[in-house]
Structures are given as structure tokens and as C-alpha cells.
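Chains, contacts and geometry: an overview
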Amino acid sequence: MSDQPRRPHKPAKPYRRPKKDPVRVLAFEALRAVDERDAYANLVLPPLLRRARENEDFDARDAALATELVYGTLRRQGTYDAVIAACVDRPLREVDPPVLDVLSLGAHQLLGTRIPTHAAVSASVELARVVLGDGRAKFVNAVLRKIAQHDLDGWLERVAPPYDDDPEDHLAVVHSHPRWVVSALWDSLGGGRTGIEELLRADNERPEVTLVARPGRATTDELLGEEAAVPGRWSPHAVRLSEGGEPGAVPAVAEGRAGVQDEGSQLVALALAAAPVEGRDRMWLDGCAGPGGKAALLAALAAQRGAVLLASEKQPHRAGLVAKALAGNPGPYQVVAADGTRPPWRPGSFDRVLVDVPCTGLGALRRRPEARWRRRPEDLDGFAPLQRGLLRTALESVRVGGVVGYATCSPHLAETRAVVADLLKQSPDAELIDARPLLPGVPDLGEGPDVQLWPHLHGTDAMYLALIRRTG
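The text that follows walks through the structure, step by step, so that each part is easy to find.

Criteria and cut-off values
Residues numbered from 1 in each chain as written. Predicted model: local features only at pLDDT ≥ 70, side-chain atom pairs only at ≥ 80, totals over all residues. Heavy atoms only, no water. Helix = DSSP H or I, 4+ residues; strand = E, 2+ residues; numbered from the N terminus. Buried < 20%, exposed > 50% of the residue type's maximum accessible area, 1.4 Å probe, protein only. Contact = heavy atoms within 4.5 Å. Disulfide = S-S within 2.5 Å. Axes fitted to C-alpha atoms, helices over the stretch in contact; angles between N-to-C directions. Parallel < 35°, antiparallel > 145°, perpendicular 65-115°, else oblique. Left-handed = near helix turned anticlockwise from the far one by under 90°. Pairing = 2+ DSSP bridges. Right-handed = clockwise from strand over helix to strand, strands pointing away. Polar contact = N/O pair within 3.5 Å; in protein donor to acceptor, adjacent residues only side chain to side chain.

Okay, the overall build of the protein chain next. When helices and strands are counted, the protein chain shows 20 helices and twelve strands. Expressed along its principal axes, the backbone C-alpha trace of the protein chain runs to roughly 115 × 55 × 40 Å. Counting the 472 residues in the protein chain, one finds 53% classified as buried. Within the protein chain, counting contacts between residues at least 6 apart in sequence, those at least 24 apart form 72% of the total.

Attention shifts here to the state of the cysteines. According to the stated counting rule, one finds zero disulfides in the structure shown. Here cysteine 288 is not disulfide-linked; the sulfur of cysteine 359 is the nearest cysteine sulfur, at 10 Å.

Another point: the packing of helix α18 (residues 379-397) against helix α19 (residues 417-426). Between α18 and α19, the shortest axis-to-axis distance is 10 Å and the interhelical angle comes to 50°. Between α18 and α19, the interaxial angle falls into the category oblique. Crossing angle aside, the handedness with which α18 passes α19 is right-handed. Contact residues: α18 offers Gln387, Arg388, Leu391, Arg392 and Leu395, while α19 offers Ala418, Val419, Val420, Asp422, Leu423 and Gln426.

All right, on to the pairing of strand β6 (residues 308-313) then. Judged by how many residues are buried, β6 sits mostly within the fold: five of six residues are covered. As judged from the four bridges shared by strand β5 (residues 283-286) and β6, these two strands associate in the parallel manner. Note that in β6 the partner of tryptophan 284 across the bridge is leucine 309. A crossover links β5 with its parallel partner β6, the connecting element being helix α15 (residues 293-304), and its sense is right-handed. Of the strand pairs in this sheet, β6 and strand β7 (residues 333-337) are connected by five bridges, and their pairing is parallel. Across the sheet, leucine 310 pairs through a bridge with glutamine 334, a residue of β7.

This part covers the environment of tyrosine 333. You can see tyrosine 333 is positioned in strand β7. Residue classification places tyrosine 333 among the partly exposed positions, given a relative accessible area of 31%. Through-space distance from the C-alpha of tyrosine 333 to that of alanine 300 is 9.5 Å; in sequence the pair is 33 residues apart. Beyond its immediate chain neighbours, meaning those up to four positions away, tyrosine 333 contacts Val308, Leu309, Ala323, Leu326, Ala327 and Gly328. Polar side-chain contacts of tyrosine 333 include one of 3.4 Å to the backbone oxygen of leucine 326.

Our next topic: unusual backbone geometry. Residue proline 291 is bonded to the preceding glycine 290 through a cis peptide linkage, with omega at 0°. Position of proline 291 among the secondary structure elements: in the loop between β5 and α15. A cis amide bond, omega 0°, links glycine 448 with the succeeding residue proline 449. Note on placement: proline 449 falls in the loop between β10 (430-433) and β11 (451-452). Although it is not a glycine, serine 176 sits at a positive phi angle of roughly 60°. Mapping serine 176 onto the fold places it in the loop between α9 (167-175) and α10 (179-189). Phi angles above zero are rare outside glycine, and aspartate 444 is one such case at about 55°. Position of aspartate 444 among the secondary structure elements: in the loop between β10 and β11.

In C-alpha cells form, the structure reads like this:
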């Protein structure tokens, strides 16, 4: 037997249960829904926040932080993926998606917010313990400590290729857009480095909430009475909530007399309504009306002139949303569930026709940041026949002397000018109208006759509009 005295036995530390942080758990749940179900954050987050507010400990500051964590992480996902990839010993595709979501949330707190480093790491590790378990939380801790060694600029110097070597890949990593999207936006925008960088930066900014006062039902003066409300930049019916807020809490919005509508969307409807037509002006058509924002504005404008709007939407549930948006319109209107490429109305029935066609949505990446990671170049081929079919039917639906508005929430040339150019080649009875004078006061509208709006130039979604008159 040894004569050495025994060392006193150190009791094991008692196990500490992880502390659940409702803000970060909610943000994680939202990211998982976006990833697993292909959900959109702007649809997933509101019900999660409503449920959380039922807990009296979850206040407005918590809701603001959860919103920032979700949208900030999604907007900068490409950048954070590049950083995380430099800090793990395996390809990112081999990291379990829930683990990657926790790492991305932690990376955003470290690199994209003012949360102190120690708090960002410890809160993320605690989240990992709650949603992943203690074992994988150790992996999260190790990776985040590596990320914390540099700030965002320091990491970009390490993970982004030099601009002079590969401009598009540099911009893709620095501004968190897929390379093919950077290329497409640059082609549409034209110009040098400054313009594309301003556009990509604008895509990563949180957009203001913009309201529309539907004519004859609400006024901008009424909406400007709301807290932090300021006039729109370009539309006479627009009011911006400069500090965010809950639009549903605005009485006019709750009553359907006003709505949430990007100012670019308002301008498209206003330009079509202002376009000169020859002869009568009694029947208007919105041929792709869902979910109803443009239709509600057009119906209100039509009512002021004694005209009638027919709002057509192929999907019945979206037609229901259109009917809800138009309820209470001061003049007559009709909502139908119909395929715009095989319409139930007779050719030449309308004086004005709007088709805001289904598209990739690359013009609304500020509002739906996850869309940039879901879309693929081959999606363009899927939309092309539908876009051309809808525009062709729209031209057939308008009478001689009437006007068609072709709109997309995408600036991609394959969805904008290419579609219009194909129609004009095949239709000697169609001519472009200069749309620029119909957007009075709006600068930087290019050479025309069509119009492309931009987030960095106009503060709107990147809406495209071409106005076409049927001549014979």
C-alpha cells in the first residue's frame, strides 16, 4: 500500500440546465421554418411574435430584437456562410442545418449588431444547449470563438476574393447575394462599380413600411396623424411609417380603407390609370390581381371616373384575398377566379389592362431576403412562357386605342424588356408609350420609354413597367 496521502475528492459540478431565451428561440424557430418548409419570413414571423406577446415578459424591445435577428441573418446569409466555412473543418453541406442556423444567428450577433462579443457567444451557446443539446453546443462554442477573433471587415478581407480578380464573386460575398443575381442586376442596371454596390447595399437594408390611402376611402392627412408617419416620396397616396410599427394597428388599415403597399407598386397602378386612351374609358382589368394591393388602388381610381374594375386571379384563395382588399370600394367592381391566359371575357373588352406577372421577385429582396437563396437561373425558363402568354392575352383583351401595363417585381432583363420586345416583334398592332411622364417628379427613370425603379435610387422595390397601346 502506498503511504502517499489521498488527495481530497473534488465533487463534480452540478449540472446546470440551459436557460431558455425566448427571443433567440423564436428567431431560431423562424429560421427553421424558412429552411424546412420554404416559408417566407414575413409570413412566419408575425404569428410567432403574436404568440410570444401573450407572455407578459415578452415586450416590444424583444420583438424588435427577434425581428432583427431573423431578417439580419437571412440578408447576410451568404456572407456568414463564407465566414463559418472558414471556421469549420468540414464542408458546410455536412453541417446539420439546425446547427448552421444557430451558427448563423451567432455570426450575425457578432458581426452585424452591437451586442457585446461575450454576450453574443454565451447567448448563442445557451440557445444551442436548448435546441441542439450539450454535445453540439460545444461545437457551436468553438466555432463562434473563432468568428469572434475578427470583425466583419476583417473577415471580408479574408473570405472575399479581391475585386480586381473577380468583381462579381467579390460583390456576391461582400453584399451577400448569389453570384448569378449580382450578374443579372448589374446587367439590368448598367454602369460601373458604384451603382451596383449601392443597389446591393440597399437590398440589405430594412425597408420602411409604406401605406396607401385608397382614394375616396381614406386620405393621406388621416394616415399622417399616426406616430412617426411621413409623406411618401413619389405617390400622392403614400405615407411611410419611418420607425416601422404595426400597420394593422392603424385604424384605416384595419378597416380596409388603406393598405400596406410599396410605393413602386402604387406608381405602376397610377401610371396605368393616367395613361392616355382614345375614346371611352369605362372598363378596366387587373389580369393578375392577387393578393389585391394594385387592384384596390385601381378600383378606387376607377370609381372616381365612373369606370368599373374587373379583378382576375387564377388561384381561388388569392382571389379571396383580392375580394377582401376590394370590399367597401366606393364604385362597382367584380372579382373572378380565372386563368389570365385563357380568359372568360371577350377580346377587346377593356380600355385599360394591367398584368403584374408572376416572376422571380428579384426586385423585392429587401422584403423577402430568403428569396435570393431559393431562386435559380433556371427559374427564368419556367416563368418565361407564362409571362409572354399573359402579356399576349392582355393585348388581346384591350380594345383598339386602349392601353396595357406590363409590370414585374423583377429587374431581370429576361423578365422585363425581353418579354416586351418579343410581343412587339409579333404584334404590329402594338406600340410602346413613354411611361416616364406618367410618373411626375420621379427622377432617374432612364432613357425610356419603359421604366425601371430601383431601391437605391427611388426607395422602392425594383418594379418594372412598360405601357403598350393597341393600335389596330
